[in-house]
Amino acid sequence: MKAIRVQQTGGPEVMQLAEVPVPQPKPAEALVKVSVAGVNSIDGYFREGRLRTPLPFIPGQEGAGVVTAVGAQTKLVKVGDRVAWSGLLGSYAEFVLSPEEHLVPVPASITDEQAAAAMIQGLTAHYLVNDAYKLKAGETALVHAAAGGVGLLLVQMARAIGARVIGTASSEKKAQLAREAGADEVIVFTTHDFESEVKRLTDGKGVDVVYDGVGKATFDKNLNVMRLRGMLVLYGMSSGPVPPVDPAKLSEKGSLYMARTMLAHFTATRHELLSRTSALFSMIAESKLKLHIAKTYPLAEAPQAHRDMEARKIAGKLLLIP
Amino acid sequence: MKAIQVKQVGGPEALESVEIPVPQPKANEALVKLAASGVNFIDVYFREGRYKTSLPFVVGQEGAGVVTEVGAEAKSVKVGDRVAWCGLHGSYAQYAAVAADRLVPVPPGVTDHQAAAAMLQGMTAHYLSHDTYPLKQSETALVHAAAGGVGLLLVQMAHNIGARVIATVSTEEKAKLARAAGAHEVILYTQSDFESETKRLTAGKGVDVVYDSVGKTTFEKGLNILRPRGMMVLFGGSSGAVPPFDLVALSQKGSLYVTRPTLANYIATREELLARSAAVFSMVATGKLQLRIEYTYPLAEAQQAHRDLEGRKTTGKLLLIP
């Protein structure tokens, strides 16, 4: 089968198209013919070596496809099932092996592209607003990078709950995307200070929750824009890691809460994985959640996809088609 | 009137018995004739100068008594009302002028001694178990320093909610107190490692919440015994301040939450102060919350009260009677 292989970590060019054997499922695994693979910034981290895995490896953490073979002990999936997954390496290929409990069924109302595009970012947005901090109607949320992959979905879900959403974005063009997704207010942080703007927009009260995938660049100011007993949910650190935090800061700024979350902990049981994906797919099928698929590339053009992702020129989801 | 004043910060001897004029209530204040004043560690911190206030000052942050005079704009109380308060200086005295909107009514089923004993520690235990992390039936909480002032009340409230309580204490005598308060399991941390014991007692799953007033010596291990998405509630630092910590620990250990609450942020509005004190007084009046008033001292013996408190020989509440 064709696959993208990384033999040495580095820039986009280290991703090379290779011909490798189709893997054989172990007893509790399924073999899936990949129809679409999602491109995520975490793929770049593995490619660069910032996140480590043994070499060589096939990148890609997310995809959708059809089960073509199953191991002897599988119970949850069967040949012919349309499935999607996230959180396992190897999706940039014609076939991928997965432990069966990581595969979720894709309903007929959802296309393969939609399923692949929604798994990581959609599930992330879903756990953030429903579980990491359960957002309620009438509350106010600050969403950083509101025009980003997770951001646009988070804004839509927060709005659907009935919360007020203040977004931040780096350009007026991105601000427009965030507004279209439902953000009540968007702060272009390159021209306006988000701390003073959020204070102004909340009459000095601050927001109930900050959803932050940015990290280092936004951290200190985040602590100044929350209401008493508000919560900072850090789900990523795209600008770099936050330096160690003095817990006294949290009391000084008003008995604040802080969480550093990862999707894996919010899809840890089969039950939670299934209920979360099915809630997500329903929102997509009912058009309550609009995915923003920007571009699809043939598998061989994975390096170009990474270049485009890392240049941050394209807003929206990038997909590879094996 | 008689009062205990600090003219220069220092040891217990800095507490001077003085004769000073009865304070005149300002427009928004009421004058309270004190029946009992609570002794707290925060009084020691102010006496030592670790917390700053202008000198000289009348010590004491907690008391109960009767309103004898009200300022022109003080609407929330009237002469003759039995009241209690906390968080404002001046309770080590026969009279104190207190902001009227910080005074709460004391119901007939609660004695002056009980009211003075319950304000700081009782409301602290209440906000911790009902708001900071609202404990639910059948959840498991780890309570450090469970035989301490807040600890014994927190254990009772958690037990009354129906949660399982794992307590840590330093001696067998304190273990008995914690058990009597309703702790299901008590770990003598001087004899066994609370991390491994808690893991054993929860079959490796970890607890839903850690209530930690100890700080420096317990914080890190506390993170190791939380279930995924569990919460660390750090509400004091009796062993020293927790140094800055790396947020990566929170994600690696399971998308954990950390908060550093203070009572002031949980009684910030008059509405919340009234609701919280009423809830605590109702528990006291109905016998659901047992206060442990260990010693009462005449006002003039404030020095001895501080020596006893700092010697950590006491396990219950100390009161001064003017």
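**So, the overall build of chain B**
Across its full length, chain B holds nine helices and 16 strands. Projected onto its principal axes, the C-alpha coordinates of chain B cover approximately 60 × 35 × 35 Å. Buried residues in chain B amount to 50% of all 322 residues. A fraction of 66% describes how many contacts in chain B between residues 6 or more apart in sequence connect residues 24 or more apart.

**Quick word on the environment of A:A69**
Residue and element names in this part refer to chain A. Note that A69 resides in strand 4 (residues 62-70). Overall, A69 belongs to the partly exposed group, with 17 C-beta atoms counted inside 10 Å. Along the sequence, A69 and P107 sit 38 residues apart, while their C-alpha atoms lie 20 Å from each other. Contacts of A69, omitting those with residues within four sequence positions, involve P25, L31 and V79.

**Some words on the sheet that holds strand 4 (residues 57-58) of chain B**
Residue and element names in this part refer to chain B. Taken in spatial order, the three strands of this open sheet run 2-1-4, and their pairing is antiparallel. Since the sheet does not close on itself, it has two edges, and those belong to strand 2 (15-19) and strand 4, each with one partner. When strand 1 (residues 2-6) meets strand 4, the two strands line up antiparallel, connected through two bridges. In the strand pairing of strand 4, V6 is matched with F57.

**With respect to the domain arrangement of chain A**
Residues and elements named next belong to chain A. The assigned domain composition of chain A is domain 1 (2-119 + 269-321) and domain 2 (137-260). Measuring from the centre of the C-alpha atoms in domain 1 to the corresponding centre in domain 2 gives 29 Å. Counting from both sides, the interface comprises seven residues of domain 1 and, opposite them, ten residues of domain 2. The residue inventory of the side of domain 1 that touches domain 2, partitioned by class, reads two nonpolar, two polar and three charged.

**Structural notes on the interface of chain B and chain A**
Contact residues are listed per partner, giving 24 residues for chain B and 24 residues for chain A. Put simply, the parts of the chain that give the side of chain B that touches chain A at least two residues each are strand 13 (226-234), helix 7 (248-252) and strand 14 (257-259) of chain B. For the side of chain B that touches chain A, the residue count by class is 15 nonpolar, six polar and three charged. With three bridges joining them, strand 13 (residues 257-260) of chain A and strand 14 of chain B adopt antiparallel strand pairing. Bridge pairing in strand 14 of chain B links A:M258 to B:V258.

**A short note on the sheet that holds strand 14 of chain B**
Two pairing modes exist for strands in a sheet, parallel and antiparallel, and in both the strands are linked by backbone hydrogen bonds. Read across the sheet, twelve strands follow the order 10(A)-9(A)-8(A)-11(A)-12(A)-13(A)-14(B)-13(B)-12(B)-9(B)-10(B)-11(B) without closing on themselves; strand pairing throughout is mixed. With one partner strand each, in any of the chains shown, strand 10 (185-188) of chain A together with strand 11 (185-188) of chain B form the two edges of the open sheet. Here the strands of the sheet are splayed against their neighbours by 15° on average, with no regard to which way each runs. Here strand 9 (residues 164-169) of chain A pairs with strand 10 of chain A via four bridges, running parallel. When the bridges of strand 10 of chain A are listed, A:A169 appears paired with A:V188.

**Quick word on the packing of helix 2 (residues 112-132) of chain B against helix 3 (residues 149-161) of chain B**
Geometrically, a packed helix pair is captured by the angle between its two axes and the distance between the axes. Residue and element names in this part refer to chain B. Viewed as axis vectors pointing N to C, helix 2 and helix 3 meet at an angle of 45°, and their least axial separation amounts to 8 Å. Between helix 2 and helix 3, the crossing angle belongs to the class labelled oblique. In this structure, helix 2 meets helix 3 at a crossing whose hand is right-handed. Contacts between helix 2 and helix 3 involve Q121, G122, T124, A125, H126, L128 and S129 on the former and, on the latter, G149, V150, L153, L154, M157, A158 and I161.

**A word on the pairing of strand 3 (residues 29-39) of chain B**
Residue and element names in this part refer to chain B. Along strand 3, ten of the eleven residues are buried, which leaves the element largely enclosed by surrounding structure. Summarising the sheet, strand 3 and strand 7 (residues 95-99) pair through five bridges and their orientation is antiparallel. By the bridge assignment, V32 is partnered in strand 7 with A96. The pairing of strand 3 with strand 5 (residues 62-70) spans seven bridges and is antiparallel. What sits directly across from L34, in strand 5, is G65. Bridge analysis of strand 3 against strand 16 (residues 317-321) gives three bridges, and the strand direction is antiparallel. In the strand pairing of strand 16, S37 is matched with L320.

**Examining the domain arrangement of chain B**
Residues and elements named next belong to chain B. Partitioning chain B into structural domains gives domain 1 (2-119 + 266-321) and domain 2 (136-260). The distance between the C-alpha centroids of domain 1 and domain 2 comes to 29 Å. Opposite the six residues of domain 1 that make contact, domain 2 presents eight residues. For the side of domain 1 that touches domain 2, the per-class residue count stands at one nonpolar, two polar and three charged.

Each value, and the rule that gives it
Residues numbered from 1 in each chain as written. Chains lettered and ligands numbered in written order. Predicted model: local features only at pLDDT ≥ 70, side-chain atom pairs only at ≥ 80, totals over all residues. Helix = DSSP H or I, 4+ residues; strand = E, 2+ residues; numbered from the N terminus. Buried ≥ 20, exposed ≤ 12 C-beta atoms within 10 Å, placed from the backbone. Contact = placed C-beta atoms within 7 Å. Pairing = 2+ DSSP bridges. Domains from an automatic or database assignment. Nonpolar A, V, L, I, M, F, W, Y, C, P; charged D, E, K, R; others polar. Axes fitted to C-alpha atoms, helices over the stretch in contact; angles between N-to-C directions. Parallel < 35°, antiparallel > 145°, perpendicular 65-115°, else oblique. Left-handed = near helix turned anticlockwise from the far one by under 90°.

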